[in-house]
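Fold and contact review
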Amino acid sequence: MTSSELKYPRRRLQVCQNLNTDRLTLRRPTADDWPAFHDFMMSDRSTAFGGHKDLGKAWRTFASELGHWEIFGYGMWAVTRQDDDTAIGLVGPWTPPDWPETEIGWMILSDAVEGTGIATEAAKAAVDHAFNVLGWDTVVSYIAPGNTRSIRLAEKLGAVLDTGATGPAADTLVYRHPKGQAHV
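Report on the accompanying structure.

Rules behind the numbers
Residues numbered from 1 in each chain as written. Predicted model: local features only at pLDDT ≥ 70, side-chain atom pairs only at ≥ 80, totals over all residues. Heavy atoms only, no water. Helix = DSSP H or I, 4+ residues; strand = E, 2+ residues; numbered from the N terminus. Buried < 20%, exposed > 50% of the residue type's maximum accessible area, 1.4 Å probe, protein only. Areas by Shrake-Rupley, 256 points an atom, 1.4 Å probe, with all protein chains shown as cover. Phe/Tyr/Trp six-rings, centres within 6.5 Å; stacked < 30°, edge-to-face > 60°. Contact = heavy atoms within 4.5 Å. Pairing = 2+ DSSP bridges. Arc of directions from axis to C-beta. Axes fitted to C-alpha atoms, helices over the stretch in contact; angles between N-to-C directions. Parallel < 35°, antiparallel > 145°, perpendicular 65-115°, else oblique. Left-handed = near helix turned anticlockwise from the far one by under 90°. Nonpolar A, V, L, I, M, F, W, Y, C, P; charged D, E, K, R; others polar.

Points about the overall build of the protein
- Across its full length, the protein holds five helices and eight strands.
- Reading the secondary structure of the protein in the N-to-C direction produces α-β-β-α-α-β-β-β-α-β-α-β-β.
- A buried classification covers 45% of the 184 residues belonging to the protein.
- For the protein, the accessible area works out to roughly 9200 Å², and carbon and sulfur atoms hold 53% of it.

Printed below as a string of structure tokens:
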């Protein structure tokens, strides 16, 4: 194994399939999801997710979502309602080479669906998929301090703050999900 293989392991286990829940379809994101992502990243709601109201940075961030799928064969799914293919969120596996651990991340792009259980439903499916299909031994969610909605969601899923774990940034909170079925 070369040093670059050790530093940047190919975590490509398989190409993930779509997931379906009672109300949602989680599918691979496409370029058609850019307008919803753009609007979110240009809004004040995106602050905890690196939102910066900078068109170039938002575009590069979205391109990295698409590229993650190309490199690893999985990534954050675009969350849609089963009867409407418009992306209302991004939820799922996120494992850039510099991430300390395997993460399930989430962001709800549409403020109209906040508080409706969409994030809970999608995140539960993603955590279960990570353990049961991808075969991950551990799953964390990295959360910005002060992002109370994400903290509540992690706790609702059964995740516990792991103060001994290292996040991608010094102040990042690390919530560790229990292996097995996510709680809800």
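Read on for the rest.
Topic: the packing of aromatic side chains
- In the structure shown here, the tally under the stated rule is six aromatic pairs.
- Measuring from centroid to centroid gives 5.6 Å for Trp 34 and Phe 62, while their planes differ by 50°, and the two rings are tilted. With a gap of 28 residues between them, Trp 34 in helix H2 (residues 34–41) and Phe 62 in helix H3 (residues 55–72) connect regions that are remote in the sequence.
- Each ring, one from Trp 99 and one from Tyr 142, has its centre 5.9 Å from the other, and the planes form 80°; the classification is edge-to-face. Of the two residues, Trp 99 sits in the loop between strand S4 (84–94) and strand S5 (103–108) while Tyr 142 sits in strand S6 (residues 140–143), which places them 43 residues apart along the sequence.
- Each residue in the set Trp 34, Phe 37 and Phe 62 is aromatic and connected to the rest through ring pairs, giving one cluster.

A few points about the environment of Ala 31
- Tracing the sequence through the fold places Ala 31 in the loop between strand S2 (24–27) and H2.
- In sequence terms Ala 31 and Ala 63 are 32 residues apart; their C-alpha atoms lie 8.6 Å from each other.
- Residues contacting Ala 31, with those up to four places away along its chain left out, are Phe 62 and Leu 66.

Some thoughts on the pairing of strand S8 (residues 173–176)
- With four bridges connecting them, S6 and S8 associate as antiparallel partners. Bridged to Ile 143 within S8 is Leu 173.
- Taken together, the two bridges between strand S7 (residues 160–161) and S8 define a ladder with antiparallel strand orientation. By the bridge assignment, Val 160 is partnered in S8 with Arg 176.

Notes on H2
- Of all the positions in H2, only Phe 37, Phe 40 and Met 41 are classed as buried. Viewed end-on, H2 has its buried residues packed into an arc of 95°, placing them on one side of the element.
- Each element contacted by the buried residues of H2 is listed here: H3, S4 and S5.

A short note on the packing of H2 against H3
- The contact between H2 and H3 brings their axes to 10 Å, and the two run at 130°. Considered as vectors, H2 and H3 are oriented oblique to each other. Crossing of H2 over H3 shows right-handed handedness. Along its contact with H2, which presents Trp 34, Phe 37, His 38 and Met 41, the element H3 presents Leu 55, Ala 58, Trp 59, Thr 61 and Phe 62.
- Here the residues of the contact of H2 with H3 sort into seven nonpolar, two polar and no charged.

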